[in-house]
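Take a look at the letters that make up each chain.
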Amino acid sequence: MRLFILLAATIMLSACAGNSEVEGVRVTDDDGIINVCGEGDDLPECRDYNGETYSEELKYKTPTDKQMEQEAAKVREESPEELEKTITEMEDNPGEYWTR
């Protein structure tokens with residue numbers, strides 16, 4: 001059964017390769033469940049680890065210069081231990097940290 005699903009996904013990708021309107025396709029196999037997403041006709045948009053599509057991510061506003069200055073001032077005031085903790089939090093939870 002799994003071989004059949006992978007074969008079907010391969011055939012689908014082959015068909016997409018001949019379609020000039022398809023710009024990108026991603027196929028994932030999660031314990032036998034095949035998911036296909038991408039850009040083009042009738043394909044759902046792919047989602048990132050936060051569950052957001054690329055177009056949804058673009059809706060977030062770019063921080064203003066004033067917001068960036070305020071954040072930089074907060075970081076400069078931190079002790080080395082606090083700074084290390086902040087960096088670790090940013091690395092571990094990038095989506096959560098940047099949406100504040």
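Reference entry: report on the structure contained in this document. (Residues numbered from 1 in each chain as written. Predicted model: local features only at pLDDT ≥ 70, side-chain atom pairs only at ≥ 80, totals over all residues. Heavy atoms only, no water.)

## Observations concerning the pairing of strand β2 (residues 33–39)
Then, in step 1: Two strands pair when backbone bridges link them, and strand β1 (residues 24–30) and β2 are joined in this way by seven bridges, in the antiparallel orientation. Each bridged residue has a counterpart across the sheet, and for V25 the counterpart in β2 is G38.
Then, in step 2: Here β1 folds back onto β2 in antiparallel fashion, the turn holding two residues, of which D31 has a positive phi close to 50°. (Pairing = 2+ DSSP bridges. Helix = DSSP H or I, 4+ residues; strand = E, 2+ residues; numbered from the N terminus.)

## Notes on the state of the cysteines
Then, in step 1: Tallied over the full model, the rule gives one disulfide.
Then, in step 2: Disulfide partner of C37: C46, at an S-S distance of 2.0 Å. For the disulfide bridge between C37 and C46, the dihedral angle about the S-S bond is near 100°, and by the sign convention the bridge is right-handed.
Then, in step 3: When its relative accessible area of 10% is taken as the criterion, C37 is described as buried.
Then, in step 4: Looking at C46, the relative accessible area reads 22%, which means it is partly exposed. (Disulfide = S-S within 2.5 Å. Buried < 20%, exposed > 50% of the residue type's maximum accessible area, 1.4 Å probe, protein only.)

## Brief notes about the pattern of salt bridges
Then, in step 1: This model, assessed by the stated rule, comprises one salt bridge.
Then, in step 2: Between K74 and E71 there is a salt bridge, with the nearest N and O atoms lying 3.6 Å from each other. Placement of both K74 and E71 in helix α3 (residues 65–77) is noted, with a separation of three residues, approximately one turn of the helix.
Then, in step 3: Judged by relative accessible area, K74 falls into the partly exposed class, the value being 47%.
Then, in step 4: Taking relative accessible area as the criterion, E71 reaches 28% and is therefore assigned partly exposed. (Salt bridge = Lys/Arg side-chain N within 4 Å of Asp/Glu carboxyl O.)

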